[in-house]
Amino acid sequence: MDNIIEGKSFDEERALYGQHDLTVRNCRFDGPADGESAFKEARCIKAEKNFYNLRYPFWHCTNLEVVGGEMTDKCRAALWYSENVNIQGLSMRGIKAVRECSNVRIEDSYVDSPEFGWFTRGMSMANCKAKSEYFMLKSSGLNFSGVEFSGKYSFQYVTDSVFENCNFDTKDAFWHAKNVLVKNCTVKGEYLAWYCENVTFENCTISGTQPLCYCKGLKLVNCKMYDADLAFEKSEVQADITTRVESIKNPLSGCIKVAGLGTLIRDDPNSAAEVCV
């Protein structure tokens, strides 16, 4: 049976270093000693409804469950190099809250964390709200559902990932993404998914200037596009768009079907994609 620590305060360095098979409930990690790395190298930990106001609490942890509680803006770099992590109902407000972790699940949580999720392998996120810049940079194996996100430069260089029923308000999203499905999502932002490869948007609503340029293996299935001008420049694309597109510029190859088109710009002799209205 797990040991239980409840209602305590910790501010010393590595307060619970290397602990295992432990439940820590309604505790505070805060105080004048300003100690770091409270749970470093811990395993089989359940952390419930705690308050985290100190840096680096969960580094190199395995089999970690964090339920409820608050990580303040002073709780920097909270989860790094950890694996088998389950987070539920947690508020994460410190910069770089997750990095280089694997097998992470986050549900019903709030994230306000620049540089969140970098280099993570295997993260699912469901029914969450998030604000960040460079969100999930160079991560792989993502599975997001019901996520509301706002911020710049999201999902750059992500691979082998699926996003469903999400709402993204973001510019420069999905740059250099590879092997990605975006389904039943609303994506608002400038310069969407440049240089991506084998990315599919299915039943999505897309808005913003100059989307989907310099892409390879790009597919749009039953999508709507609004305020989208200078789209598809130098892209290899198969697209079925059910709305009017403001302008399309020099698509490289493939076939683009649109319900209406403002302007087709062809001033590049290599632009050979078929455009059907």
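Please refer to the structure placed before this passage.
A few points on the structure. (Residues numbered from 1 in each chain as written. Predicted model: local features only at pLDDT ≥ 70, side-chain atom pairs only at ≥ 80, totals over all residues. Heavy atoms only, no water.)

1. A look at the sheet that holds strand β13 (residues 98-99)
Thinking step 1. If you walk across this open sheet you meet the three strands as β7-β10-β13, and the pairing is parallel. Only two strands of the sheet have a single neighbouring strand rather than two, namely β7 (58-59) and β13.
Thinking step 2. Examined bridge by bridge, strand β10 (residues 79-80) and β13 share two bridges and lie parallel to one another. Within β13, the position partnered with L79 by the bridge is V98. (Pairing = 2+ DSSP bridges. Helix = DSSP H or I, 4+ residues; strand = E, 2+ residues; numbered from the N terminus.)

2. With respect to the environment of K224
Thinking step 1. Counting through the fold element by element, K224 comes out in strand β26 (residues 218-226).
Thinking step 2. The partly exposed category is assigned to K224, whose relative accessible area is 38%.
Thinking step 3. It is 20 Å that separates the C-alpha atoms of K224 and F149, two residues lying 75 residues apart in sequence. (Buried < 20%, exposed > 50% of the residue type's maximum accessible area, 1.4 Å probe, protein only.)

3. Quick word on the side chain of S113
Thinking step 1. Position of S113 among the secondary structure elements: in the loop between β15 (110-112) and β16 (121-126).
Thinking step 2. The contacts of S113, once residues within four sequence positions are left out, are M92, G94, I95, K96, A97, K131 and S132. (Contact = heavy atoms within 4.5 Å.)

4. A look at the packing of aromatic side chains
Thinking step 1. As enumerated under the stated definition, the model contains 31 aromatic pairs in all.
Thinking step 2. On the numbers, 5.4 Å between centres and 5 degrees between planes, the contact of W175 with W194 is stacked. You can see W175 sitting in the loop between β21 (167-171) and β22 (178-183) and its partner W194 sitting in the loop between β23 (186-188) and β24 (197-202), a full 19 residues away along the chain.
Thinking step 3. Ring-pair connections join several aromatic residues into one group, and the members of that group are F116, F135, F144, F149, F155, F163, F168, F174 and F201.
Thinking step 4. Across the ring face of Y157, the terminal group of K138 is positioned such that the distance to the ring centre comes to 5.3 Å. (Phe/Tyr/Trp six-rings, centres within 6.5 Å; stacked < 30°, edge-to-face > 60°. Lys NZ or Arg CZ within 6 Å of the ring centre and 35° of its normal.)

5. Focus on the environment of V24
Thinking step 1. Assignment of secondary structure puts V24 in strand β3 (residues 20-25).
Thinking step 2. In sequence terms V24 and P211 are 187 residues apart; their C-alpha atoms lie 47 Å from each other.
Thinking step 3. Not counting residues up to four positions away in its chain, the partners in contact with V24 are I5, L16, F29, F39, K46, A47, E48 and N50.

6. Looking at the state of the cysteines
Thinking step 1. Within the structure shown, the criterion is met by zero disulfides.
Thinking step 2. We note that C276 lacks a disulfide partner, and the nearest cysteine sulfur, in C255, lies 4.3 Å from it.
Thinking step 3. On the accessibility criterion, C276 (26% relative accessible area) is partly exposed. (Disulfide = S-S within 2.5 Å.)

7. Notes on the nonpolar core
Thinking step 1. The biggest cluster of nonpolar side chains holds 79 residues, and the ones touching the most others in it are F39, F116, F144, F174, F201, L220 and F232.
Thinking step 2. By residue number, the principal contributor to this core is strand β27 (residues 236-249), which donates five residues.
Thinking step 3. Setting aside residues up to four positions removed in sequence, L220 forms contacts with F201, I206, L212, M225, F232, V237, Q238, A239, D240 and I241. (Core = buried A, V, L, I, M, F, W, Y, C linked by side-chain atoms within 4.5 Å.)

8. Section: the pattern of salt bridges
Thinking step 1. Taken as a whole, this structure holds twelve salt bridges when the rule is applied.
Thinking step 2. The salt bridge involving R25 is made with E6; its shortest N-O contact spans 3.5 Å. Note that R25 is positioned in strand β3 and E6 in strand β1 (residues 3-6), a separation of 19 residues in sequence.
Thinking step 3. A relative accessible area of 43% places E6 in the partly exposed class.
Thinking step 4. The partner of K171 in a salt bridge is E190, with the nearest N and O atoms 3.5 Å apart. With K171 in strand β21 and E190 in the loop between β23 and β24, this pair connects stretches of sequence that are 19 residues apart.
Thinking step 5. By relative accessible area, which is 28% here, K171 ends up partly exposed.
Thinking step 6. For E190, a relative accessible area of 33% puts it in the partly exposed group.
Thinking step 7. Here the residues in one salt-bridge network are E6, R25, K46 and E48, joined through shared partners. (Salt bridge = Lys/Arg side-chain N within 4 Å of Asp/Glu carboxyl O.)

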